[in-house]
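# Coordinate analysis (summary)
The residues making up each chain are set out below.
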Amino acid sequence: YATLDDVTYPDKKGADLTLAPRVFLTSDTKMSEPYTHAYNGVWHMEKSFTMKLGGWVAYEMREPLSGQKMWVKKLELEELEVKGVEIYEAKAVRADQYGHVLEWGEGKLVYSGRAERLADALRAYYPTIMEKAWTYLNTEEILDLKEKTKEIRERKVF
């Protein structure tokens, strides 16, 4: 399920606990000065970028019927720096009286490497995120939480 609200009542009633990891990403992108060139007879403007990525993952354990948080663990993600390129159609902004282009501007976006670089970063983060999830999922602690969910359900009427 996408959210706890989407879980059906019978599934909520049948589950003692739910675990929902939430991923928060931050990014800071710096673009280089554009480089204009012709490719297959069409002028393009290319910009390199450096993207610094970071963020955190919150692992939330909840009692499903009430939605009450049982525990939250937070994993800070190490900052990663990725590099890529964006390519635009180049359009003449200013030309001299002979038609020579003096200044180029950005036209339509032809290619953005941001999605691929972000996907690469997520693939790099994945092993750490999963390793921490298994570290946080302590059997003894979950059994204690299961007992607390019984108390919560006894106190509340659903």
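Going by the structure above, here's the rest.
To start, this report covers the structure provided alongside it. (Residues numbered from 1 in each chain as written. Predicted model: local features only at pLDDT ≥ 70, side-chain atom pairs only at ≥ 80, totals over all residues. Heavy atoms only, no water.)

## Notes on the overall build of the protein chain
To keep it simple, the criterion reads: Where helices and strands are cited, they refer to DSSP runs of H or I of at least four residues and of E of at least two residues respectively, numbered from the N terminus. Using C-alpha atoms as the atom set, the radius of gyration is obtained and then compared with a globule rule of 2.2 Å times the number of residues to the power 0.38. Throughout, exposure labels follow a simple rule: accessible area from a 1.4 Å probe, protein chains only, divided by the maximum for the residue type, with under 20% read as buried, over 50% as exposed, and the rest as partly exposed. Should any heavy atoms of two residues lie within 4.5 Å, those residues are considered in contact. The protein chains shown are the only cover counted for residues, whose accessible areas, like all others here, come from Shrake-Rupley with a 1.4 Å probe. Charge assignment in this entry is limited to Lys and Arg as positive and Asp and Glu as negative, and neither His nor the chain termini are counted. By convention, charge coordinates are those of NZ in Lys, CZ in Arg, CG in Asp, or CD in Glu.
Along its length, the protein chain carries three helices and five strands. Across the protein chain, helices and strands are ordered from the amino to the carboxyl terminus as α-β-β-β-β-β-α-α. A compact globule built from 158 residues would reach a C-alpha radius of gyration of about 15 Å, whereas the protein chain, at 25 Å, exceeds it by more than 25%. Dimensions along the principal axes, computed over C-alpha positions, put the protein chain at roughly 85 × 30 × 20 Å. Taken over 158 residues, the protein chain has a buried fraction of 27%. Excluding contacts between residues fewer than 6 apart, the proportion of contacts in the protein chain whose partners are at least 24 apart in sequence is 65%. When the accessible area of the protein chain is evaluated, it comes to approximately 10,800 Å², of which 52% is carbon and sulfur surface. Within the protein chain, the 27 negative side-chain charges are centred at a point lying 4 Å from the centre of the 24 positive side-chain charges.

## What to know about the packing of aromatic side chains
Heads up, the rule is: For Phe, Tyr and Trp, rings pair up if their centres lie within 6.5 Å, where Trp contributes its six-membered ring, and each pair is then called stacked (planes under 30 degrees apart), edge-to-face (over 60) or tilted (otherwise). Two conditions define a charge located above a ring, namely a distance within 6 Å from the ring centre to NZ of Lys or CZ of Arg, and an angle within 35 degrees of the ring normal.
In the structure shown here, the tally under the stated rule is three aromatic pairs. Ring geometry for Tyr59 against Tyr136: centres 5.4 Å apart, planes inclined by 70°, an arrangement best described as edge-to-face. Of this pair, Tyr59 sits in strand β3 (residues 42-62) while Tyr136 sits in helix α2 (residues 114-136); the two residues are 77 residues apart in sequence, bridging distant segments of the chain. The cationic tip of Lys74 hangs over the ring face of Trp56; the distance from NZ or CZ to the ring centre is 4.8 Å. The side chain of Arg114 reaches across the aromatic face of Phe49, ending 5.8 Å from its centre.

## A short note on the nonpolar core
Filter applied, for reference: Residues belong to a common nonpolar core when they are buried Ala, Val, Leu, Ile, Met, Phe, Trp, Tyr or Cys residues joined through side-chain atoms within 4.5 Å.
Core analysis: the biggest nonpolar cluster contains 19 residues, and Tyr59, Leu75 and Ile129 have the highest contact counts within it. Taken together, the elements giving at least two residues each to this core come down to β3, β4 (69-95), α2 and α3 (139-155). With sequence-adjacent residues up to four places away left out, Leu75 is seen in contact with Gly55, Trp56, Val57, Tyr59, Thr128, Ile129, Lys132 and Tyr136.

## Focus: the layout of surface pockets
Put simply, the rule reads: Put simply, the grid is 1 Å and covers the protein atoms alone, a cavity is a trapped set of points that fit a 1.4 Å probe, a pocket is an open set with protein on both sides within 12 Å along at least five of seven lines, and lining residues have an atom within 4 Å of a point. Grid points are joined across faces, edges and corners, and a volume is the space filled by probe spheres set on the points. Under this grouping Gly is polar, as are all residues other than the nonpolar Ala, Val, Leu, Ile, Met, Phe, Trp, Tyr, Cys and Pro and the charged Asp, Glu, Lys and Arg.
Taken as a whole, the largest pocket encloses approximately 210 Å³ of empty space. Tyr1, Ala2, Thr3, Leu4, Asp5, Val7, Thr18, Leu19, Ala20, Pro21, Arg22 and Arg62 together form the lining of the largest pocket. In terms of residue count, the dominant contributor to the lining of the largest pocket is strand β1 (residues 18-31) (five residues). Partitioning the lining of the largest pocket into residue classes produces seven nonpolar, two polar and three charged.

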